[in-house]
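# Structural description and commentary
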Amino acid sequence: MNPSKKLLIVEDDENIAELLQLHLQKEGYEIVHAADGSLGLELLKQGGWDALILDLMLPGVDGLEICRHARTMTRYTPIVMISARSSETHRVLGLELGADDYLAKPFSMLELVARVKALFRRQEAMSQNLRQDAGTLTFARLSIDPLSRDVRLREQPVELTPREFDLLWFFAKHPGKVFSRLNLLNQVWGYQHEGYEHTVNTHINRLRIKIEDNPAEPEFILTVWGKGYKFTASSRE
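Now for a description of the structure that goes with this document. (Residues numbered from 1 in each chain as written. Predicted model: local features only at pLDDT ≥ 70, side-chain atom pairs only at ≥ 80, totals over all residues. Heavy atoms only, no water.)

### A word on the sheet that holds strand β9 (residues 156–157)
An order of β6-β7-β8-β9 is seen for the four strands of this open sheet, with the pairing classed as antiparallel. If you trace the sheet from one side to the other, it starts and ends with β6 (137–139) and β9, each paired once. Alignment of strand β8 (residues 150–153) against β9, held across two bridges, turns out to be antiparallel. Looking across to β9, one finds that Arg152 is bridged to Pro157. Sheet contacts for helix α6 (residues 162–173): β6, β7 (142–145) and β8; angle to β7, the most-contacted strand, approximately 110 degrees. (Pairing = 2+ DSSP bridges. Helix = DSSP H or I, 4+ residues; strand = E, 2+ residues; numbered from the N terminus. Contact = heavy atoms within 4.5 Å. Axes fitted to C-alpha atoms, helices over the stretch in contact; angles between N-to-C directions.)

### Here's the deal with the side chain of Asn201
Mapping Asn201 onto the fold places it in helix α8 (residues 197–211). According to the relative accessible area criterion, Asn201 is buried, its value standing at 18%. Apart from residues lying up to four places away in sequence, Asn201 is in contact with Arg181 and Tyr229. (Buried < 20%, exposed > 50% of the residue type's maximum accessible area, 1.4 Å probe, protein only.)

### A look at a negative patch on the surface
The grouping of Asp12, Asp13, Glu14 and Glu18 at the surface amounts to a negative patch. Its location among the elements puts Asp12 in the loop between β1 (6–10) and α1 (14–26). (Patch = residues over 30% accessible without salt bridge, like charges linked within 9 Å, V, L, I, M, F, W, Y side chains within 5 Å. Areas by Shrake-Rupley, 256 points an atom, 1.4 Å probe, with all protein chains shown as cover. Salt bridge = Lys/Arg side-chain N within 4 Å of Asp/Glu carboxyl O. Lys, Arg positive; Asp, Glu negative; His and termini not counted. Charge placed at Lys NZ, Arg CZ, Asp CG, Glu CD.)

### Remarks on the pattern of salt bridges
Considering all chains together, one arrives at 15 salt bridges under this definition. A salt bridge links Asp101 to Arg115, with the nearest nitrogen and oxygen atoms 2.8 Å apart. Placement of Asp101 in strand β5 (residues 101–104) and of Arg115 in helix α5 (residues 109–132) is noted, with a sequence separation of 14 residues between them. Each member of the pair Asp101 and Arg115 is classed as buried. The salt bridge involving Lys210 is made with Glu164; its shortest N-O contact spans 2.7 Å.

### A look at α8
In this model α8 runs 21 Å from its N-terminal to its C-terminal C-alpha over 15 residues, within 8% of the 21 Å that 1.5 Å per residue would give. When α8 is considered as a whole, its buried residues turn out to be Glu197, Thr199, Val200, Asn201, Thr202, His203, Ile204, Leu207, Arg208 and Ile211. (Expected span 1.5 Å × (residues − 1).)

### With respect to the sheet that holds strand β4 (residues 79–83)
Judged by pairing direction, the sheet is parallel, and its five strands sit side by side in the order β2-β1-β3-β4-β5 without closing on themselves. Strands with a single pairing partner mark the edges of an open sheet, and in this sheet they are β2 (30–34) and β5. With direction set aside, neighbouring strand axes in the sheet form an average angle of 15 degrees. In this sheet, β4 lies alongside strand β3 (residues 51–55) in parallel orientation, the contact comprising four bridges. The residue bridging Asp55 from the neighbouring strand is Ile82, located in β4. On the sheet, α1 packs against β1, β2, β3 and β4 and is oriented at approximately 170 degrees with respect to β2.

Limitation: the analysis is restricted to geometry and does not speak to function.
In structure tokens:
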């Protein structure tokens, strides 16, 4: 049972919302439901949520905009996006905006519950790993503190999204090791679905813009053609 976990469901289909609430409450979660995007965004801004189950197509504010806002907030909230739109384009877009998982309607309620549980397990495992790896890592002009999630470039703070930080921290813990995009999806995002690899490309491009002097000629995150990416600890100052 998970009595302390508070979930926000933003879903305009009352039947789906009732089923979600019924199944998740059986697992001990506390549920709050918003039937439109405007209310969902307002509730999200109040904070304190342990997870967000978010429909893509909503009256008022759509799910993508709510997802964008969630990823600007300091506290990281796991997001499961659900939608009648099952195309790869919409799945990838939702994931690139920061959703942790994506389910196309119609879906099994048991599967959704299982995925929510998996997100919480992964979040807890990551927190334990960060506590174990509490020391700041420093590479030339770049420093990364896992506990405060503070990144500095030449002692100036670098603003990263939670997912960008997770990706950078994973790279920094494995300098010199080559990871394919599918490896990174599995290790950082927590799933390994083919077709989502462009999500990795997008995040790496954003990271390079923020930490590289010249993103077109990166020194920290290097492309290994035909294999993937690696992080180098020997960046020149």
